[in-house]
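Results of the structural survey
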Amino acid sequence: MIDKIDSVVNAIGGFLYQPYIVPLFLIVAGLYFTIRTGLIQFRLFGESIHVVAEKPKEKGSISSFGALMVSTASRVGTGNIVGVSTAICLGGFGAVFWMWVVALLGGASAFIESALAQVYKKKDGKGGCVGGPSYYMEQALHQRWLGIIFAVVLILTYVVGYNMLASYNLQDAFAGFGFYAKGRTPYIIGAILAVLFAACVLGGGKRLTNITGVLVPVMGVLYIIMALIVMVINAGMLPEVLRRIFAGAFDFKAIFGGAAGFGSSALMQGIKRGLYSNEAGVGSAPNAAAAADVSHPVKQGLVQMLSVFIDTILVCTATAMMCLCTGIEPSESLKGAPFVQASLEQTFGAAGPYFITIALLLFAFTTLLGNLFYCEGCLNYIAGRTISHRQLNVFHAFACVVVFIGAQMKFGLVWDIADVLMGIMALINLPVILRLGGTAMRALSDYMKQRREGRDPVFKAKNIALKEKTDYWN
């Protein structure tokens, strides 16, 4: 049964990730928005750092920084470690370059979708706001049915695709230890993770959530420091690593996969793992962006643009360089956690694999919690109201079961499920933001005009001809 599901999912993924479907949409949208915004991800990078520190207008509201942390908690996870390792082991050194491209172009797409989420957000009746792709599909296009479809796909992507993958990646990190037993350990790890997850989402686990909220940023900083130490120790390898990254990126066989096929190419692995990691254009981060209390939608667009940079250019590059600078040659047998563990073990000895396993545990756990934030918002959108605590607990119980199941899955199947669902999200969201991009551009022009006048920009819908067409900004 599993083999049949695997073959079907693999076939769908093979279709979606042909050069002219998901990859083309991603690159064309990223290029279009990059050009149309005047290289906003480079031109206003300093501005994005400035606005992320702003306090919310109302006391108790979600700040720009708070929204950044929610989206970053979902973005920065096992994909930044295991996903990067897998891309390199399957696609070669050149995959790193294409991850960079996806992130640099995706920064502009992330700006547009998050600014739109702010423009079309709605008041939630409790002093806060809700929004995201489903809301701008309904508010701007008057197509609630499309918003519902997107919300359903998002829920499936995060509670099934991404949560199963996070659980699998975590248990796979233990495979290199002597106590690991293939027929037993995945069940134990899956059960422990599911119980901890349940403790947080079903009640009584707020303290554990608060602890991880402190530990994960600390672990993230330690992870970057470890990567820098590896790079410094192996500084002599850096020129050769960079040469192989660029050579592999533009090698015809590496780009198109040669005999292995396009799915294993440097281009495709870089695009898939880059998209999985930073989610730019997929339509997930706008759900967090809409909740931020800011004076102008462009501010949150800039903040989410910064999140893409943090995720891929910083954390994913740290993983790539940490692995490649040790001289260990990537191969399919090392895909996933083993390549990262082997690299750290060569530099730090036996402590290396333990460090990366702990990092994966924390990153996987906060990814699971961050993913639920998106799902709960979409459940409320589908229902047209805030769903009851009892209904939410039923959904949470289902999510816990999925976490347990994910630990028992096959490597290829969990990645394929996540890729397929993520690709469907992108194919729904990207055409919409391409159609609505003019609204975000008018908001950007309004923001820059006020900045040139020396003012702290304040947005009003009438300033961009949207009077009476938004719920929040009138």
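Reference entry: report on the structure contained in this document. A quick note: this is a predicted structure, and the numbers were derived from the prediction, not measured.

1. Section: the overall build of the protein
- Of regular secondary structure, the protein possesses 20 helices and two strands.
- Burial status across the protein gives 58% buried among its 474 residues.
- Of the accessible surface of the protein, which amounts to about 18,800 Å², a share of 67% is contributed by carbon and sulfur atoms.

2. Quick notes on the nonpolar core
- By size, the foremost hydrophobic cluster in this structure holds 152 residues, and its most contacted members are Tyr136, Phe197, Ile245 and Leu302.
- Looking at this core, the element that brings in the most residues is helix H20 (residues 411-452), giving 22 residues.
- Excluding anything up to four places from it in sequence, Leu302 contacts Ile40, Leu44, Glu47, Ser48, Val51, Phe111 and Tyr447.

3. Digging into the packing of helix H7 (residues 94-119) against helix H16 (residues 297-324)
- Contact pair H7 / H16: the axes reach a minimum separation of 7 Å and the direction vectors enclose 160°. By the angle between their directions, the pair H7 and H16 is classed as roughly antiparallel. The interaxial crossing formed by H7 with H16 has right-handed handedness.
- Of the residues assigned to the contact of H7 with H16, the class counts are 18 nonpolar, eight polar and no charged.

4. Some words on helix H8 (residues 133-141)
- In terms of burial, H8 is a largely internal element, seven of the nine residues being buried.
- Burial in H8 covers these residues: Pro133, Ser134, Tyr135, Tyr136, Met137, Gln139 and Leu141.
- Positive phi appears at His142, one or two residues downstream of H8, with a value of about 60°.

5. Quick word on a nonpolar patch on the surface
- On the surface, Val218, Val221, Leu222, Ile225, Ile229 and Ile233 cluster together into a nonpolar patch covering about 490 Å² of accessible area.
- Mapped onto the fold, Leu222 is located in helix H11 (residues 206-233).
- Accessibility expressed as a relative area gives 38% for Leu222, which makes it partly exposed.

6. Re the state of the cysteines
- Tallied over the entire structure, the rule returns zero disulfides.
- Looking at the unpaired Cys325, the closest cysteine sulfur is the one in Cys323, lying at 9.6 Å.

7. Quick word on the pattern of salt bridges
- Under the defined criterion, the tally for this structure stands at seven salt bridges.
- The shortest N-O distance in the salt bridge between Glu138 and Arg144 comes to 3.5 Å.
- Among the residues examined, Arg144 registers a relative accessible area of 29% and is labelled partly exposed.
- With a closest N to O distance of 2.7 Å, Glu329 and Arg244 form a salt bridge. With a gap of 85 residues between them, Glu329 in the loop between H16 and helix H17 (337-348) and Arg244 in helix H12 (residues 238-249) connect regions that are remote in the sequence.
- Classification of Glu329 by relative accessible area gives partly exposed; the value is 44%.
- Its relative accessible area of 27% is what places Arg244 among the partly exposed residues.

8. Focus on the packing of aromatic side chains
- Applying the stated criterion across every chain yields a total of 12 aromatic pairs.
- Between Tyr135 and Tyr381 the ring centres are 4.9 Å apart and the planes differ by 65°, which places this aromatic pair in the edge-to-face class. With Tyr135 in helix H8 and Tyr381 in helix H18 (residues 351-383), this residue pair connects regions lying 246 residues apart in the sequence. Like Tyr381, Tyr135 is buried.
- Linked through ring pairs, Phe97, Trp98, Trp100 and Phe246 together constitute an aromatic cluster.
- Here Lys121 stacks its cationic end above the ring of Tyr472, 4.2 Å away from the centre of that ring.
- Lying over the aromatic face of Tyr381, Arg144 brings its terminal NZ or CZ to 4.7 Å of the ring centre.

9. Things to note about the environment of Phe250
- Relative to the helices and strands, Phe250 resides in the loop between H12 and helix H13 (252-256).
- Overall, the relative accessible area of 55% leaves Phe250 in the exposed class.
- Sequence separation between Phe250 and Trp98 is 152 residues; the distance between their C-alpha atoms is 9.9 Å.

Each value, and the rule that gives it
Residues numbered from 1 in each chain as written. Predicted model: local features only at pLDDT ≥ 70, side-chain atom pairs only at ≥ 80, totals over all residues. Heavy atoms only, no water. Helix = DSSP H or I, 4+ residues; strand = E, 2+ residues; numbered from the N terminus. Buried < 20%, exposed > 50% of the residue type's maximum accessible area, 1.4 Å probe, protein only. Areas by Shrake-Rupley, 256 points an atom, 1.4 Å probe, with all protein chains shown as cover. Core = buried A, V, L, I, M, F, W, Y, C linked by side-chain atoms within 4.5 Å. Contact = heavy atoms within 4.5 Å. Axes fitted to C-alpha atoms, helices over the stretch in contact; angles between N-to-C directions. Parallel < 35°, antiparallel > 145°, perpendicular 65-115°, else oblique. Left-handed = near helix turned anticlockwise from the far one by under 90°. Nonpolar A, V, L, I, M, F, W, Y, C, P; charged D, E, K, R; others polar. Patch = residues over 30% accessible without salt bridge, like charges linked within 9 Å, V, L, I, M, F, W, Y side chains within 5 Å. Salt bridge = Lys/Arg side-chain N within 4 Å of Asp/Glu carboxyl O. Disulfide = S-S within 2.5 Å. Phe/Tyr/Trp six-rings, centres within 6.5 Å; stacked < 30°, edge-to-face > 60°. Lys NZ or Arg CZ within 6 Å of the ring centre and 35° of its normal.

Note that all results are geometric; they support no functional claim without further evidence.
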